[in-house]
Amino acid sequence: MNRITIALAVLGTLAVPASAQKKYGEIRPDTAKVRYVRSANKADSYIFDKTVRKNVIYVNEEVTTHVIMPENIKLVDISTDKIVGNQCADNIVRIKPAGRMYENELAGTITVIGERHLAQFDVIYTSGPAKAYSVYSIQLDEMKRYSNPDVLMPESQMANYAWAIFGSGKKFNNIHSQRYGIKAVVNNIYAINDYFFIDFSLYNSTKIKYDIDEVRIKLTDKKEAKATNSQTIELTPVYSLNRAKSFQKGYRNVIVIDKLTFPDEKILRLEIAEDQISGRVIYIPIEYDDVLHADSFDESLLNRLPFTINIYR
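Please read these numbers as outputs of a predicted model, since none were measured by experiment.

1. Quick word on the environment of Thr-236
Tracing the sequence through the fold places Thr-236 in the loop between strand S13 (233–235) and strand S14 (239–240). Take Thr-236: its relative accessible area is 61%, and that puts it in the exposed class. For the pair Thr-236 and Ile-217, spaced 19 residues apart in sequence, the C-alpha to C-alpha distance is 7.2 Å.

Written out as structure tokens, the structure is:
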């Protein structure tokens, strides 16, 4: 009888789990973090509506991905802290995953807002560095979701037109002036959409280098003796191709201003001032008749460029 009792006691002890033998106060909850892994699927590819597909950028922690916008970037939004990055140039943002992730894991989204357009992408982790993008160039069809109506022409598009004009031949021969050994010549005037592109050159026949302080353009009276501050309107160029501040013998630039009309008694006056006290100032008068004879742009000129960013129409 005693043997049977001892046997039952031993069996009872074996049947109870070790954890159950501890007192309730000694039991500690599991402190391991549970990670929810979100894998990309087809539904993630569509935003705003089901007809517009969102593209994918593959990233890896060993690769820095450079996203290039064909216009200047105004804002970059990164949706999660799983993606780190910054804007490293006017039209380039670089991104990278914050750490190692699972294959095909959805790290988040990135929204790139330019001067005129918006582009949005899923950022997907890949464990293979060779599959990750080191450079991703945003294409025109990826920016059709939004177009800012207040921006008629992005700066990158102006640059394309300006470079094409810069490399073209001279068409104007009657707009020029000469002072202090500096000859100023207007080579071309183009009307493109809502802008005037004014192509001009400076030639220095002296041995003194010309240091440019500023290039200004004004709408003023033809008779300068009667001109007053109220009769002169200064126009702000929206783009300038050449940022050089000095030249020894020759200088050429293309500036862009908003398209305008003005009465015949007014002229556009292009002023180039030297960076010195009592420095040389060069004036180029542009008559309204010259503006009326501005050429429409020949798109074939763009084909001569060794580089061309997408032109949006």
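That shown, we press on.
2. Considerations on the sheet that holds strand S4 (residues 83–89)
Spatially, four strands are ordered S4-S5-S2-S8 in an open sheet, and the strand pairing comes out mixed. Lying at the two open borders of the sheet, with one neighbouring strand each, are S4 and strand S8 (135–137). Neighbour-to-neighbour, the strand axes of this sheet turn through a mean angle of 25 degrees, independent of strand direction. Where strand S2 (residues 65–68) lies against strand S5 (residues 92–97), four bridges are found, and the strand directions are antiparallel. Of the residues in S5, the one forming a bridge with Thr-65 is Ile-95.

3. A word on helix H2 (residues 155–166)
What sets the pattern is the α-helix's 3.6 residues per turn: residues three or four places apart point alike. The end-to-end C-alpha distance of H2, which contains 12 residues, comes to 16 Å, matching closely the 16 Å that a straight helix rising 1.5 Å per residue would cover. The element H2 is extensively covered by neighbouring structure, given that nine of its 12 residues are classed as buried. If you check which residues of H2 are buried, you get Ser-156, Gln-157, Met-158, Ala-159, Asn-160, Tyr-161, Ala-162, Ala-164 and Ile-165.

What counts, and where the lines are drawn
- Residues numbered from 1 in each chain as written.
- Predicted model: local features only at pLDDT ≥ 70, side-chain atom pairs only at ≥ 80, totals over all residues.
- Heavy atoms only, no water.
- Helix = DSSP H or I, 4+ residues; strand = E, 2+ residues; numbered from the N terminus.
- Buried < 20%, exposed > 50% of the residue type's maximum accessible area, 1.4 Å probe, protein only.
- Pairing = 2+ DSSP bridges.
- Axes fitted to C-alpha atoms, helices over the stretch in contact; angles between N-to-C directions.
- Expected span 1.5 Å × (residues − 1).

Scope: geometric values only; no functional claims are made or implied.
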